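# Understanding the architecture of this molecule
The residues making up each chain are set out below.
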Amino acid sequence: QRSSLGSKRRKLSKEHTDSDVENYVNAVDDYTTQDFRRKRSTIISPLSRSTTPGNFKRTVTRRFSTKKTEKKGQVQTVIAATRFFGSPLCEIMATQKNLKITENIPVIVSRCIEYLIPHHVKEEGIFRKSGSQSDILGLKEVLERERGILTKEVLNDVYDCHNITGLLKSFIRDLPGSPIPNSFSEKFLTFSSSNDDETEMEQLKVTLASLSFHDYQLMKSICRMLHEISNYSEHNKMTASNLAVVWAPNIFQTSGDVFEFSNITAYVEVLGFMIKHTPRIFGTVREERREQRE
């Protein structure tokens, strides 16, 4: 690792200032050996494309955030890696607000939904079949570089809808504590979809309404998307129950690192019920627009 950094330092010194080189080396030193191997392409790849010190600085600025820390009376600059996937939902929404984006859900979610509906609702095995892992990783790299802004230009180059479904599931799965936090997940274990009366429906609506604003908006958007897809189950073979089996581990956060399979039946049951009865639980888009006009 050190020999590689040394050769990289000599190569960079011919093209960039000493300050540029030092910032790069300090950034790499912040990683453990294991993290360095895992993130090697993230750190080094941009350098091979940089031809001027200015390009190099912009690349590093986009990839890293800087902060100052005190150590033994001296002020040192620490460069910490910033990532989009795995960031809390509140941070993602704060970033979008700073970019003057007024959507109530992450842009990646709204763009994926727009891509899938109505153009791919009849695709057999949608959300069940896997896409190309290399293509999905490529899309994730673009999102990391663009701070989570998935443009229509990028989507126009995607020809397999399963790559988009895989990307969306990965994003939701990596959200820490969202959209259904662990404390709320336990509340759904007592829910029984066999009791389809208004009292049970109202209790479910109250539980969902107690989520944070952005968690609720995200959950509503996901359920509306899955409800629309389930309406074409005759073509895509994905009923509300089938979609719930796929999505439950991505939506319900549990206390452990691994989804608690002992409760999977209950989570699948309640999610399937929510998908099936989305208009009654979350209302329809038409009703929402009418309320906004009023």
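Notes on the structure in this doc start here. Per chain, the residues get numbers from 1 upward, laid out in the order the sequence is written. Note on the predicted model: pLDDT of at least 70 is required for a residue's local features to be given, and 80 or more for side-chain atom pairs to be given and counted; whole-chain, interface and lining totals, by contrast, use all residues. Only hydrogens and water are set aside; all other atoms, that is, all heavy atoms of the structure, feed into the side-chain values.

### Some points on the overall build of the chain
Segments assigned H or I by DSSP are reported as helices when at least four residues long, segments assigned E as strands when at least two residues long, and all are numbered from the N terminus. A count of helices and strands for the chain gives 17 helices and two strands. Whether a residue is buried, partly exposed or exposed follows from its accessible area with a 1.4 Å probe, protein chains only, as a fraction of its type maximum: under 20%, in between, or over 50%, in that order. Of all 294 residues assigned to the chain, the portion counted as buried reaches 43%. Taking all contacts inside the chain whose residues are at least 6 apart in sequence as the whole, residues at least 24 apart take part in 69%. Taken as a whole, the chain presents about 16,400 Å² of accessible surface, with 47% of it coming from carbon and sulfur. What makes two residues a contact is simply this: any of their non-hydrogen atoms within 4.5 Å. Residue exposure ignores everything except the shown protein chains as possible cover, and the areas themselves are Shrake-Rupley values with a 1.4 Å probe.

### A word on helix α15 (residues 264-276)
Expected span of a helix, by definition, is 1.5 Å for each gap between consecutive residues, and there is one gap fewer than residues. A rise of 1.5 Å per residue sets the reference length of α15, with its 13 residues, at 18 Å; its end C-alpha atoms lie 18 Å apart and thus fit the reference within 8%. Those residues of α15 that sit buried are Ala-266, Tyr-267, Val-268, Val-270, Leu-271, Gly-272, Phe-273, Met-274 and Ile-275.

### Quick word on the packing of helix α12 (residues 213-230) against α15
In the contact formed by α12 and α15, the axes pass within 8 Å of each other and the chain directions differ by 75 degrees. Classed by the angle they form, the pair α12 and α15 counts as roughly perpendicular. When α12 is examined against α15, the residues Met-219, Cys-223, Leu-226, His-227 and Ser-230 are found in contact with a partner set consisting of Leu-271, Met-274, Ile-275 and Lys-276. Residues are grouped as follows: Ala, Val, Leu, Ile, Met, Phe, Trp, Tyr, Cys and Pro are nonpolar; Asp, Glu, Lys and Arg are charged; every other residue, Gly included, is polar. Along the lines of polarity and charge, the residues of the contact of α12 with α15 split into six nonpolar, two polar and one charged. Axis geometry follows a simple rule: fit a line to the C-alpha atoms, using only the stretch in contact for helices, then measure angles between N-to-C directions, giving values from 0 to 180 degrees. An angle counts as roughly parallel when it lies under 35 degrees, as roughly antiparallel when it exceeds 145, as roughly perpendicular when it falls between 65 and 115, and as oblique in every other case.

### A look at the nonpolar core
If you look at the biggest cluster of nonpolar residues, it comprises 60 residues, and the most contacted ones within it are Ile-108, Phe-127, Leu-208, Met-225, Trp-247 and Met-274. Residues in contact with Phe-127, not counting those within four places in the same chain, are Leu-116, Thr-165, Leu-168, Lys-169, Met-225, Leu-226, Ile-229, Leu-243, Val-246 and Trp-247. Among the buried residues, those of types Ala, Val, Leu, Ile, Met, Phe, Trp, Tyr and Cys that are joined through side-chain atoms within 4.5 Å form a nonpolar core.

### Looking at the packing of aromatic side chains
Here a ring pair, both rings aromatic, is described through the centre-centre distance and the interplanar angle of the planes. In this analysis, rings of Phe, Tyr and Trp, with Trp reduced to its six-membered ring, are considered paired at centre separations within 6.5 Å, and the interplanar angle assigns stacked below 30 degrees, edge-to-face beyond 60, and tilted for intermediate values. For the coordinates displayed, the defined rule picks out seven aromatic pairs. Seen from their ring centres, Phe-188 and Phe-252 are 5.6 Å apart, and the 70 degrees between their planes marks the pair as edge-to-face. With Phe-188 in the loop between α10 (182-185) and α11 (198-209) and Phe-252 in the loop between α14 (240-251) and α15, this pair connects stretches of sequence that are 64 residues apart. Judged by relative accessible area, Phe-188 falls into the buried class, the value being 2%. When the ring of Tyr-216 is compared with that of Phe-282, the centres are 5.6 Å apart and the planes differ by 55 degrees; the resulting orientation is tilted. With Tyr-216 in helix α12 and Phe-282 in helix α16 (residues 278-282), this residue pair connects regions lying 66 residues apart in the sequence. Classification of Phe-282 by relative accessible area gives buried; the value is 8%. Whether a charge sits over a ring comes down to the Lys NZ or Arg CZ being within 6 Å of the ring centre and within 35 degrees of the ring normal. The residue whose ring lies beneath Lys-140 is Phe-85, and the NZ or CZ to ring-centre distance is 4.7 Å. The side chain of Lys-187 reaches across the aromatic face of Phe-184, ending 4.4 Å from its centre.

### So, helix α6 (residues 107-116)
Counting buried positions along α6 yields nine of 10 residues, so the element is predominantly enclosed. When α6 is considered as a whole, its buried residues turn out to be Val-107, Ile-108, Val-109, Ser-110, Arg-111, Cys-112, Ile-113, Tyr-115 and Leu-116. Looking at the packing, one finds that the buried side of α6 touches α5 (89-98), α7 (133-145), α8 (152-155), α9 (161-174) and α12.

### Brief notes about the pattern of salt bridges
Salt bridge, as used here, is a side-chain nitrogen of Lys or Arg placed within 4 Å of a carboxyl oxygen of Asp or Glu. In the structure shown here, the tally under the stated rule is four salt bridges. Residue Arg-111 pairs with Glu-103 through a salt bridge whose shortest N-O separation is 3.6 Å. A relative accessible area of 18% means that Arg-111 is categorised as buried. Notably, a salt bridge pairs Arg-111 with Glu-114, separated by 3.6 Å at the nearest N-O pair. One end of the pair is Arg-111 and the other is Glu-114, both in helix α6 and three residues apart, which spans about a single turn.

### Points about the side chain of Thr-207
With respect to the helices, strands and loops of the structure, Thr-207 is situated in helix α11. Residue class for Thr-207 comes out buried when judged on its relative accessible area of 18%.

### Quick word on the packing of α9 against α14
Contact geometry of α9 with α14 gives a least axis separation of 8 Å together with a crossing angle of 35 degrees. Each of Leu-168, Lys-169, Ile-172 and Arg-173 in α9 lies in contact with α14, whose residues at this interface are Val-246, Trp-247 and Asn-250. Per-class residue counts for the contact of α9 with α14 are four nonpolar, one polar and two charged.

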